[in-house]
Amino acid sequence: MRFTVAGALLDACVLGLVSHEPAYGYELTQRAQAIIDVSESTLYPVLRRLQKEGMLSTFDRPFDGRNRRYYEITDAGKAKLEELIVAWNDYTERIDTLLIGEKS
């Protein structure tokens, strides 16, 4: 079973993927789909929005007679990712408490 990933969590996943190395959209989709349930039609708008918000920048690289658009994380994106990781860790601790109970 996979849980639906949306909102800030999807932003964190995308920023996390791109934080390792620049990647083009289809590659990001394939890497994300190997781990979470997300469609291309969901991912591309997130990429465009994160770019518009200054979290990602893009560059084109020729491939087989056409250009591939690569996404890379910006300094603002790195800061946002760090913020989202802290929030995620706090959130998962609280959910674990609900599902498992208090840690001893």
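For clarity, every value in this text was computed on a predicted model and none was experimentally measured.

Student: Please clarify how the layout of surface pockets should be interpreted in this entry.
Tutor: A probe as big as a water molecule, rolled over the atoms, marks out the empty space that is left. Approximately 230 Å³ is the volume found for the largest pocket. For the lining of the largest pocket, the leading source of residues is helix 4 (residues 75-99), giving four residues. Residues belonging to the lining of the largest pocket are distributed by class as follows: nine nonpolar, one polar and two charged.

Student: Can you walk me through the environment of V18 in this structure?
Tutor: By secondary structure assignment, the location of V18 is in helix 1 (residues 7-20). As a C-alpha pair, V18 and T74 span 56 residues in sequence and 9.7 Å in three-dimensional space.

Student: How do you make sense of the confidence of the model for the protein when you look at a structure like this?
Tutor: In regions of low pLDDT, the predicted coordinates are not meant to be interpreted in detail. With 98% of its residues at a pLDDT of 70 or more, the protein has an overall mean of 92. At the level of individual helices and strands, the protein shows its lowest average pLDDT in helix 2 (residues 25-33), which scores 93, and its highest in strand 1 (residues 23-24), which scores 96.

Student: Whenever I open this one, the side chain of T29 confuses me. Can you help?
Tutor: Along the chain, T29 falls in helix 2. With residues near it in sequence (within four places) discarded, T29 still touches E40, L43 and Y44.

Student: How should I be thinking about the pairing of strand 3 (residues 66-73) in this particular structure?
Tutor: Here is the key point about a regular strand: its side chains alternate between the two faces of the sheet. Sheet analysis places strand 1 next to strand 3, joined by two bridges and oriented antiparallel. Residue pairing for strand 3: A23 is matched across the bridge by Y71. Here eight bridges tie strand 2 (residues 56-63) to strand 3, and the two strands are oriented antiparallel to one another. Paired with T58 across the strands is Y71, a residue of strand 3. Connecting strand 2 to the next strand, strand 3, in antiparallel fashion are two residues, including D64 with a positive phi near 50 degrees.

Student: Whenever I open this one, the packing of helix 2 against helix 3 (residues 40-52) confuses me. Can you help?
Tutor: A pair of packed helices is captured by two measures, namely the crossing angle of their axes and the spacing between those axes. Contact geometry of helix 2 with helix 3 gives a least axis separation of 10 Å together with a crossing angle of 120 degrees. By the criterion of interaxial angle, the relationship of helix 2 to helix 3 is oblique. Where helix 2 crosses over helix 3, the handedness of that crossing is right-handed. Facing helix 2, whose interface residues are G25, Y26, L28, T29 and Q33, helix 3 presents E40, L43, Y44 and L47. When the residues that make up the contact of helix 2 with helix 3 are grouped by side-chain class, the tally is five nonpolar, three polar and one charged.

Student: Help me out: how do you make sense of unusual backbone geometry in this one?
Tutor: A negative phi holds for most residues other than glycine; trans holds for most peptide bonds. You will see that D64, though not glycine, has its phi angle at about 50 degrees, which is positive. Mapped onto the elements, D64 comes out in the loop between strand 2 and strand 3.

Rules used throughout
- Residues numbered from 1 in each chain as written.
- Predicted model: local features only at pLDDT ≥ 70, side-chain atom pairs only at ≥ 80, totals over all residues.
- Heavy atoms only, no water.
- 1 Å grid on protein atoms, 1.4 Å probe; cavity = no way out; pocket = protein on both sides within 12 Å on 5 of 7 lines; lining within 4 Å.
- Points joined across faces, edges and corners; volume = space filled by probe spheres on them.
- Helix = DSSP H or I, 4+ residues; strand = E, 2+ residues; numbered from the N terminus.
- Nonpolar A, V, L, I, M, F, W, Y, C, P; charged D, E, K, R; others polar.
- pLDDT = per-residue confidence, 0-100.
- Contact = heavy atoms within 4.5 Å.
- Pairing = 2+ DSSP bridges.
- Axes fitted to C-alpha atoms, helices over the stretch in contact; angles between N-to-C directions.
- Parallel < 35°, antiparallel > 145°, perpendicular 65-115°, else oblique.
- Left-handed = near helix turned anticlockwise from the far one by under 90°.

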